[in-house]
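Topology and contacts: notes
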Amino acid sequence: MRRSPSRTRWASLGALGLLAALGCSDEPSEAPPEIPAERIVHAIAEEARSLPGGPSAEPDRPAGSLDDVAAERGLDYANRSGEPHKPTILGSNGAGAAVLDLGTDGDLDLAFGQGGESLEALMAGPGADVEVFENDGAARFSRRSGPGLSGWWTGLAAGDVDGDGDADLVAAGYGNLVLLEQDGGVLLPREGRGLFPSDEEVPGARLTPGAEREPGRAPWWATSLALFDGDRDGTLDLYVGQYLELDPLAPPSGALGEGALDLPCTWKGLEVFCGPRGLVPQPDRVLRGLGRGSFEDVSARWLPDHVAGYALAVGTFDADGDGDTDLYVANDSVPNLMLVNQGDGRLSDVGLQAGVALNQDGVAQAGMGVAFGDVDRDGKQDLAVTNFSGEPTELYFGAEVGFRPRTHAVGLGQATRRMLSWGVNLVDLDADGELELFTANGHVYPQADEPYTGTSYAQRDGLWRVSGDAPVRPIELPGERSLTSLVLGSRGSVVADLDGDLAPDLVVTTIDGPAVLALNRLAPRSPGGGHRLAIRCLGPESPAESAPRTPADGRGTRVILVPEVAEGEAPFALLGEVRTAESYQSSSTPWLHFGLGRCARYERITILWPSGRREDLPAGAADRRLVVREGLGIVSEEEP
Amino acid sequence: MIAALVLALLVLPAPQAREGLAELRELAELDLPGTLIRRGRELFAGPLSASGEARAILARALFAAGEEDEALALLEPADLAPTERVWLELERARLLIDRDELSAAAEILAAPKGSEEPVRHADHPDAWILFARIEARAGRPNRAAILARGFLERAALHPEAPVAWHLLAQEALARRDGETAARYLERAAEIGRWLELLRARRLQVLRHPDQPLPRLGVGLAWMQVGEHSRAREAFRDLCSRHPGFARGWYHLGEANRLAGDLVRARESYATALGLDASMHQARFNGALLDLLAGRTEAARAGFEHLADVVQDDPLYAGAHLHLARLDLARGNRERALTQYSRYRALGGTEPLEE
């Protein structure tokens, strides 16, 4: 472009090329707007003293237990995530877990991602396999052969990908993404079906342990996955959250940049591994399911204008209540995404407008995990987002338009800001009709144990009562094996009823350590309380001829349950949505677990299927498992 | 009069205290809590014992480091001058906000009945933004926006300026004005990027204290936001440490020029040219200053040099224009037209005759 000179034009030397890089214009900065003449000075001063919020209440110490019984129940999975001093960011993220029914025997089995001893060991090969544990129905586990993979596996997603009535598994990794189809109760790798590009298509995207590799090419690093039916055609699609460019042959160390303008990789003045900031984020991908386990990459069509953002967690929920599935993506260090479905799978980010992209100060946090649930029981989905230390777990309540941040108003800022939290779940553990908030905690930096960091490498997991606008209340359970006593480096978390007692249990992965299996033995909060109902929603036996259709595994179905309250008690309704993608790199149960408190019966159940069909089920008794198939109503009813 | 002077001298911090405070501020801004706490304790026991701001900075670092009780104890009303005690109150409000104790924080910040401004200590920008954050957390975006505006009027480049713009955006969103909200969010992001850049440059200075480029980057960052005095300070520091670094002198010239000190600007350009005769920007701008000061022969020499050495570079097409005008003023129309045609050929559009 020709530069136009003029008499008054002064020559300027962009010595460091900073202005262009920053994208700042030469235009004068916008001045702050005028304070309106009618400002409400006195009102502010007067009413400030009636603000909500305050410190968290005294801990609640309920009866019962939530103890780790992994070792005695045969769950001997132990994560490996590189060297203990964590020289690269790959070793800090750990692996997730998934529940799925292998062999369709009615109980939920477990699968875990797995890393390796070091980046060098991964390059030398062989890599790790996904690890699989079979449940005998009473939460006693035995290790089964894995699918025979070789890699560094991060996130998992379970769902009926091929629509054959059983659950399959998608495994994400550093340099790979694999579909494991279930066949006769066994997970079998199915490659070459549009999930991941070949070496010819995108050189270097795949990392094959033990194989020669060209330097300077970073593998595609998938973290969390979400199976959802974006276009409501009844076939599951896949959202792939991707992290960052990390060249396994030359991982950054000590500093980023060169010469006098390099920047040390430090945190609070301590030397730590480099990233994510300063490393190049990888864009997320959306893969449209074509049926029978095949996919096509529709990122350009379904995710236009996407800005890559170090995705760590992906969750699905119907954010706007319009019946299709929307997504929330927790990004590390850059704004989170609230992807609203246009009804046909195209996703538009409205995170900033909806008030869930940044914290209340407008600062992008290090999003690690996400969970959904109707915390305030107003019929709208709320969400919790976990973050780095120094950043609280955020709580947003669904509002008429967008979301209302409630973190600080309910004291969750004070309660969580010293924790670095990953996995997160909103689940009614004690069946009192209100959701509890669970966070899986542990720092990324071993250096967190140095003085003056305000946090620590190993941390206790967090469990709180959240009840509408009331201050959150920490739950503390006695005993050295209790989930709230263990000091761990937790990462992923999964909710599922593993011992068949209707009570949702928790499985938590840790970094470089064994998994936690916390069986839920919490006592009812009040006499006559603790009633539960578990509902499984399945698509119709024969799919409808035309879309919209409900997927075979019922994903995306919304359920409204109205408990039958005693006379004089306030009625309430509970909202559930069939999903498995939440928390961090993990995949929870497709069953909906409702706590009914002292209500031994329900008045009605309304089911809103993704196909658009609505079914109302008549009153019935609680404390059982219901399987509901679209168009057929309850097809199975079973007491534990 | 004398008593007032003595009082003023007493209130003025000693150089040691001033330097110590600047050091603590920098350590806080760069998030180096270990060094800050160690150094802060030393200084607090010595030259900064009477500084409320130093106590506040140290308390904030201790709080972030998990030493909440010690932090809050530091902020108890101390035997300090009233002007210093304000820092303690503001910091206490900040820490209470971090603890979600919004009512208690608001109690500190809310102005007494009948006050002209909504905040106590309205001269301190921090009071405005802290109160704005409280209102935002309480779900009152309109009030938060009023306070955020008050803050931006007082401290447009404060590290919390992006917060203020974000709060304005939230208020715009609450009244469904998406266009305004988007503009404010972009402004928040823009200042955020700038603050991040400045922080990066300062970290680079700490990492490479003997290298000129990071210090040059600090000065340029200030220039970018029109803070020419701060930029001049940074470039002066750079040039005193690296007197042979021509780019430093050129940018010092620029900062001087933009700050209105044309004499020093000309000197700085001359020094830059003395170190690097190929620094055409310095020669061009120096010649322009000569022209403005009526030193036409010096200006002509500069422009002639450029017209000769970089005759085809459109950036310096102005040299041909000014030579043309100087020739015209001398009555040499033919020569003026030749120069002017070169100027036009390089894309110039201004008329020959002013």
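No experiment lies behind these values; they were computed from the predicted model shown.

What chain A contains, in helices and strands, is six helices and 45 strands. At 25 Å, chain A has a C-alpha radius of gyration in line with the 26 Å of a compact globule built from 640 residues. Oriented by its inertia axes, the alpha-carbon framework of chain A measures out at about 85 × 70 × 55 Å. The buried share of chain A, reckoned over its 640 residues, is 61%. Across chain A, every contact between residues at least 6 apart in sequence was considered, and the portion connecting residues at least 24 apart equals 61%. Here chain A has roughly 23100 Å² of accessible surface; of this, 49% comes from carbon and sulfur atoms. When the 53 positive and 98 negative side-chain charges of chain A are each reduced to one mean point, those points stand 3 Å apart.

Before going further, it helps to spend a moment on empty space enclosed by the protein. Residue and element names in this part refer to chain A. Inspection of the entire model under this criterion finds three cavities of 30 Å³ or more. A volume near 460 Å³ is recorded for the largest cavity. Considering the residues around the largest cavity, the lining is formed by 27 residues, among which Leu426, Leu435, Arg579, Leu592 and His593 are closest to the centre. Elements supplying a minimum of two residues to the lining of the largest cavity: strand E22 (369-373), strand E26 (421-427), strand E37 (574-577) and strand E40 (592-597). Tallied by class, residues from the lining of the largest cavity come to 11 nonpolar, nine polar and seven charged.

Attention now goes to the packing of aromatic side chains. Counted according to the given criterion, the structure contains 19 aromatic pairs over all chains. Taking 5.1 Å as the distance between ring centres and 40° as the angle between the ring planes, the aromatic pair formed by tryptophan 267 of chain A and tyrosine 445 of chain A counts as tilted. Linking tryptophan 267 of chain A in strand E14 (residues 266-267) with tyrosine 445 of chain A in the loop between strand E27 (436-441) and strand E28 (459-460), this pair joins segments that are 178 residues apart in sequence. Plain terms: the ring middles of tyrosine 340 of chain B and tyrosine 343 of chain B are 5.7 Å apart, the flat faces sit at 35° to each other, and that makes the pair tilted. On the criterion of helical spacing, the pair formed by tyrosine 340 of chain B and tyrosine 343 of chain B is a turn pair, its members being three residues apart in helix H19 (residues 333-345). Across the pair, exposure class does not vary: tyrosine 340 of chain B and tyrosine 343 of chain B are buried alike. Among the aromatic residues, those joined into a cluster by ring pairs are Tyr174, Trp221, Tyr243 and Tyr310 of chain A.

Quick look at helix H17 (residues 296-309) of chain B now. Helical geometry: 3.6 residues make up each α-helical turn, so side chains three or four residues apart lie on a common side. Residue and element names in this part refer to chain B. Spanning 14 residues, H17 covers 20 Å between terminal C-alpha atoms, matching the ideal 20 Å at 1.5 Å per step. Among the residues making up H17, those that are buried are Ala299, Arg300, Gly302, Phe303, Leu306 and Ala307. Projected down its long axis, H17 carries its buried residues within an arc of 165°, all on one side. If you follow the buried residues of H17, they end up packed against helix H16 (280-292), helix H18 (317-330) and H19.

All names here are of chain A. Ordered by their spatial adjacency, four strands build an open sheet running E26-E27-E29-E30, and the pairing between neighbours is antiparallel. Here the strands that pair on one side only, and so sit at the sheet edges, are E26 and strand E30 (473-474). Across five bridges, E26 lies against E27 in antiparallel orientation. Its bridge partner being in E27, asparagine 425 is matched across the sheet by phenylalanine 438.

A few words on the environment of alanine 354 of chain A. Residues and elements named next belong to chain A. Locating alanine 354 in the fold gives a position in helix H5 (residues 351-354). We classify alanine 354 as buried; its relative accessible area is 10%. Linking alanine 354 and arginine 549, residues 195 residues apart in sequence, is a C-alpha distance of 28 Å. Those residues within four positions of alanine 354 in sequence are excluded, and the remaining contacts are Met338, Gly402 and Phe403.

Take the nonpolar core next. Residues Leu109, Phe131, Ile134, Leu167 and Phe235 of chain B are the most contacted members of the largest nonpolar core, which totals 71 residues. Ranked by residue count, the leading element in this core is helix H11 (residues 178-207) of chain B, at 10 residues. Excluding residues within four positions of it along the chain, phenylalanine 235 of chain B makes contact with Leu216, Gly219, Leu220, Met223, Gly248, His251, Leu252 and Ala255 of chain B. Counting 31 residues, the second-largest nonpolar core is a separate cluster that includes Leu256, Cys265, Cys274 and Tyr584 of chain A.

Moving on to the pairing of strand E7 (residues 168-173) of chain A. All names here are of chain A. The buried count for E7 comes to six of six residues, which makes it a mostly enclosed element. Here E7 shows no split at all, with Asp168, Val170 and Ala172 on one side and Leu169, Ala171 and Gly173 on the other all buried. As paired elements, strand E6 (residues 153-159) and E7 share five bridges and run antiparallel to each other. Residue pairing across strands places tryptophan 153 opposite glycine 173, the latter belonging to E7. Pairing of E7 with strand E8 (residues 176-183) involves five bridges; the strand directions are antiparallel. Residue pairing across strands places valine 170 opposite leucine 179, the latter belonging to E8. Counting the residues between successive antiparallel strands, the hairpin from E7 to E8 contains two residues, one of them, glycine 175, with a positive phi of roughly 95°.

All names here are of chain A. Of the two faces of strand E2 (residues 97-100), the one holding Ala97 and Val99 and the one holding Ala98 and Leu100 are both buried throughout. Bridge analysis of E2 against strand E3 (residues 109-112) gives four bridges, and the strand direction is antiparallel. Bridged to leucine 100 within E3 is aspartate 109.

Further remarks concern the environment of aspartate 332 of chain A. Residue and element names in this part refer to chain A. Along the chain, the position of aspartate 332 falls in the loop between strand E19 (326-331) and strand E20 (337-341). Overall, aspartate 332 belongs to the buried group, its relative accessible area being 5%. In this view, aspartate 332 contacts Tyr243, Pro276, Gly309, Tyr310, Leu312, Gln365, Ala366 and Gly367; residues no more than four positions away in its chain are not counted.

Turning next to unusual backbone geometry. Residue and element names in this part refer to chain A. A cis geometry characterises the amide bond from glycine 275 onward to proline 276, with omega recorded as 0°. Here proline 276 shows up in the loop between strand E15 (270-271) and strand E16 (285-291). Here alanine 139, not a glycine, exhibits a phi torsion of approximately 65°, which is positive. Considering the arrangement of structural elements, one finds alanine 139 in the loop between strand E4 (131-135) and strand E5 (141-144).

Turning our attention to the side chain of arginine 579 of chain A. All names here are of chain A. Mapped onto the fold, arginine 579 is located in the loop between E37 and strand E38 (581-582). Judged by its relative accessible area of 11%, arginine 579 is buried. A distance of 2.7 Å separates a polar atom in the side chain of arginine 579 from the backbone oxygen of threonine 316. Once residues lying within four places of it in the same chain are set aside, the contact partners of arginine 579 are Thr316, Phe317, Phe372, Gln381, Thr589 and Pro590.

Moving on: the state of the cysteines. All names here are of chain A. If you walk through the whole model with that rule in mind, you get one disulfide over all chains. The partner cysteine of cysteine 265 in its disulfide is cysteine 274, sulfur to sulfur 2.0 Å. Looking along the S-S bond of the cysteine 265-cysteine 274 disulfide, the torsion reads about 95°, which is the right-handed sense. Its relative accessible area of 7% is what places cysteine 265 among the buried residues.

The next point concerns the confidence of the model for chain B. Residues and elements named next belong to chain B. Per-residue confidence for chain B gives a mean pLDDT of 93, with 96% of residues at or over 70. pLDDT under 50 marks residues 4-11. Its contacts with residues more than four places away, or in other chains, come to zero contacts. Model confidence for the complex: the whole-complex pTM is 0.91, and ipTM, which rates the interface, is 0.89.

Residue and element names in this part refer to chain B. The contact between H17 and H18 brings their axes to 9 Å, and the two run at 135°. Viewed along their axes, H17 and H18 adopt a mutual orientation that is oblique. Crossing angle aside, the handedness with which H17 passes H18 is left-handed. Side by side, H17 and H18 meet where Thr296, Glu297, Arg300, Phe303, Glu304, Leu306 and Ala307 of the first sit next to Ala319, His320, His322, Leu323, Leu326, Asp327 and Arg330 of the second. Looking at the contact of H17 with H18 residue by residue, the classes come out as six nonpolar, three polar and five charged.

Conventions adopted
- Residues numbered from 1 in each chain as written.
- Chains lettered and ligands numbered in written order.
- Predicted model: local features only at pLDDT ≥ 70, side-chain atom pairs only at ≥ 80, totals over all residues.
- Heavy atoms only, no water.
- Helix = DSSP H or I, 4+ residues; strand = E, 2+ residues; numbered from the N terminus.
- Rg over C-alpha atoms; globule rule 2.2 N^0.38 Å.
- Buried < 20%, exposed > 50% of the residue type's maximum accessible area, 1.4 Å probe, protein only.
- Contact = heavy atoms within 4.5 Å.
- Areas by Shrake-Rupley, 256 points an atom, 1.4 Å probe, with all protein chains shown as cover.
- Lys, Arg positive; Asp, Glu negative; His and termini not counted.
- Charge placed at Lys NZ, Arg CZ, Asp CG, Glu CD.
- 1 Å grid on protein atoms, 1.4 Å probe; cavity = no way out; pocket = protein on both sides within 12 Å on 5 of 7 lines; lining within 4 Å.
- Points joined across faces, edges and corners; volume = space filled by probe spheres on them.
- Nonpolar A, V, L, I, M, F, W, Y, C, P; charged D, E, K, R; others polar.
- Phe/Tyr/Trp six-rings, centres within 6.5 Å; stacked < 30°, edge-to-face > 60°.
- Expected span 1.5 Å × (residues − 1).
- Arc of directions from axis to C-beta.
- Pairing = 2+ DSSP bridges.
- Core = buried A, V, L, I, M, F, W, Y, C linked by side-chain atoms within 4.5 Å.
- Polar contact = N/O pair within 3.5 Å; in protein donor to acceptor, adjacent residues only side chain to side chain.
- Disulfide = S-S within 2.5 Å.
- pLDDT = per-residue confidence, 0-100.
- Axes fitted to C-alpha atoms, helices over the stretch in contact; angles between N-to-C directions.
- Parallel < 35°, antiparallel > 145°, perpendicular 65-115°, else oblique.
- Left-handed = near helix turned anticlockwise from the far one by under 90°.

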